[in-house]
Amino acid sequence: MLLNLLEYHWAEDIDDALLLLARTDTKTVPLAGGTYLLGLDDDSIQAVVDLRDLELSYITEDTRGIHIGAMTTLQTMGDSQLLKDLANGMLAQAAIASSFSRIVRNSATLGGTLAAGVASQADLLTVLAVMDAEVVLRSGSKTQINLSGGTPDHPGLALSGVTFKGKQERKVPSRSLALERKPNELIIEVVVPRYAYGCAASFMRVGRTPTDVALINAAALVEVSDGKYSQVRLALGGVGMEPIRMEAVEKELEGQPTDPSGGTNAALDTQRIVSAVQTGMANFSPQVDFRASSGYRRVSGMNLAFRTLEEAATISRWRNMLSTRGRQ
Ligand SMILES: Cc1cc2nc3c(=O)[nH]c(=O)nc-3n(C[C@H](O)[C@H](O)[C@H](O)COP(=O)(O)OP(=O)(O)OC[C@H]3O[C@@H](n4cnc5c(N)ncnc54)[C@H](O)[C@@H]3O)c2cc1C
C-alpha cells in the first residue's frame, strides 16, 4: 500500500508526464499496470502518473527493428504474430512464461517489468539481454530563469520567471538498464533488432513446477554460416538474478567450425559446445535462496546453456542448408 499517496495524475501527453516525474519536491513515479507498484509498501511515494493514455501500447516494425511500446502488456506480446515470427518466437514465449496468471499478464506491461527489474521475476529480462535489445528513455526538465534587459544595440525587455521546458532522450542496452536508468526517466519503448533468416534462437527454463517462477533460465541466439559459428549470444537469469550474458562462452564458440572434421559437414560438434560451456562458465556462481542452492542453479544453468546453444545451432544449420538448397 502506498499510504502517503497524495496525488493521482492521469497524463494525456508524454511531455506532461515527464514534467510531473521531473519534480523534486514531490516524489512522483509512473503507474503502468500497477501489478507491482500498488502492492509496494513504500511510504515515500507521494504521487503517481498514470501512463495508460500515452499511446505507448504498440508493436511495430521499421528498418531499425521491432519497436515495442512501454505500455504493451505481456499478454499482447505473447499474442503478437510479429514477435512469434521473430527469433523462433522466443520473446513472445518469454512474455507468457514471465507470469503464468493471465490476469496479471493482461495488466503487467513491458515498461513496468523492465523498471521493476529483478523484482518482477520475469523471464523476459533474460531474453531481452540476449537479443541486444535497447531501451529508449526520456526525461523532462523545467527551469525558470530571469532574462535581463537588452542593450541599445540589441533592445529587449527584462523578464523574470521565464520557463524553459526541455526533454532528453537516450538509448541504453536492456541488460544495463538497472544501473543506468535515472529515477525521473520514463521508459518509452524497447527496440529489438531483426535477425537474418539463418539466425536461430532457443529459450528454456527450470522451475519447481511448470507454472512457477524460473529458478534458472537460459536464452541463446546462434547463427551458423559457412560451417562456422558466426554469431553466438547466450544469457542466463532466473528469479532474483540479474540476467548475465555469458560472453566467455560466446567468445569460445564464435569463429569456430561447427563440424568436428573442420569441414562443412552437417554434423554438429556437441563436444565443442560442452567444452565452451565448461570453460566459459567456470566462474558462474549463481545466488542461493530458499528455493535452490547455488550448486543446483549452477549445474542446471550449464545444462540449459548447452541445450539452448545446441538447439539454436541445429536450427540455424538446417535453415542454412534449406536456403542453400533453395538457391541451387
Ligand atoms: C500476485 C502477483 C504475482 C506476480 N508474479 C509475477 C511473476 O511471477 N513474474 C512476473 O514477471 N511478474 C509477476 N507479477 C507482475 C509484475 O508485477 C509485472 O511483471 C511487472 O513487474 C509490473 O508491471 P506493471 O505494468 O504492472 O508495472 P507497475 O506495477 O505499474 O510498475 C512497476 C514499476 O515500474 C515503474 N514503471 C512502470 N512503467 C514505467 C515506465 N514506462 N517507465 C519507467 N518506470 C515505469 C513503476 O513506477 C514501478 O516502480 C505479479 C503480479 C502480481 C499482482
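For the structure itself, look to the data block above.
Below you will find a few notes about this structure. Position numbers for residues count from 1 along each chain, tracking the sequence in the order it is written. In keeping with the model being predicted, local features are shown solely for residues with a pLDDT of at least 70 and side-chain atom pairs are shown and tallied solely at 80 or more, while totals for entire chains, interfaces and linings include all residues. Based on all heavy atoms of the structure, the side-chain values leave hydrogens and waters out of the count.

1. Let's talk about the sheet that holds strand S10 (residues 214-225)
Okay, so step 1: Between any two strands, at least two bridges found by DSSP are needed for them to pair. Only DSSP runs of H or I reaching four residues or more are called helices, and only runs of E reaching two or more are called strands; each is numbered from the N terminus. Pairing is antiparallel in the open sheet, where 4 strands are placed in the order S9-S10-S11-S12. Here the strands that pair on one side only, and so sit at the sheet edges, are strand S9 (199-207) and strand S12 (241-245). Ignoring which end each strand starts from, the neighbouring axes of this sheet average 10° apart.
Okay, so step 2: Pairing geometry for strand S11 (residues 228-238) and S12, over 3 bridges, is antiparallel. Bridge pairing in S12 places alanine 235 opposite arginine 245.
Okay, so step 3: By definition, residues are in contact when any of their heavy atoms lie within 4.5 Å. For every element, the axis is a line fit to its C-alpha atoms; helices are fit only across the contacting stretch, and the angle between N-to-C directions ranges from 0 to 180 degrees. Running at roughly 15° to S9, helix H4 (residues 90-98) makes contact with S9 and S10 of the sheet.

2. Things to note about the nonpolar core
Okay, so step 1: Ranked by internal contacts, the top residues of the largest apolar core, which has 40 residues, are Met90, Leu91, Leu114, Leu124, Leu128, Met131 and Val192.
Okay, so step 2: Discounting chain neighbours no more than four positions away, the residues touching methionine 90 are Val127, Val130, Met131, Ala201, Ser202, Phe203, Ala219, Ala220 and Leu221.
Okay, so step 3: In terms of nonpolar packing, the next biggest core, distinct from the first, is built from 28 residues, Ile216, Leu236, Val277 and Met281 among them. We define the nonpolar core as a collection of buried residues of types Ala, Val, Leu, Ile, Met, Phe, Trp, Tyr and Cys that are connected through side-chain atoms lying within 4.5 Å of one another. Burial classification: accessible surface area is computed with a 1.4 Å probe over protein chains only, and a residue below 20% of its type maximum counts as buried, one above 50% as exposed, and the rest as partly exposed.

3. A word on unusual backbone geometry
Okay, so step 1: You will see that asparagine 88, though not glycine, has its phi angle at about 55°, which is positive.
Okay, so step 2: Note that asparagine 88 resides in the loop between helix H3 (81-84) and H4.
Okay, so step 3: Since its relative accessible area comes to 31%, asparagine 88 is described here as partly exposed.
Okay, so step 4: Phi at glutamine 121 is positive, roughly 60°, even though this residue is not glycine.
Okay, so step 5: Within the fold, glutamine 121 resides in the loop between helix H6 (110-116) and helix H7 (124-130).

4. Concerning the sheet that holds strand S1 (residues 7-10)
Okay, so step 1: If you walk across this open sheet you meet the 3 strands as S1-S3-S2, and the pairing is parallel. A strand with exactly one partner marks an edge of an open sheet, and here the two such strands are S1 and strand S2 (28-31). Each adjacent strand pair in this sheet contributes to an overall mean axis angle of 25°, direction not counted.
Okay, so step 2: As defined by bridge partners, S1 adjoins strand S3 (residues 47-50) across 4 bridges and the pair is classed as parallel. Directly across from histidine 9, in S3, lies its bridge partner valine 49.
Okay, so step 3: Docked against the sheet, helix H1 (residues 14-21) engages S1, S2 and S3, running at close to 145° with respect to S2.

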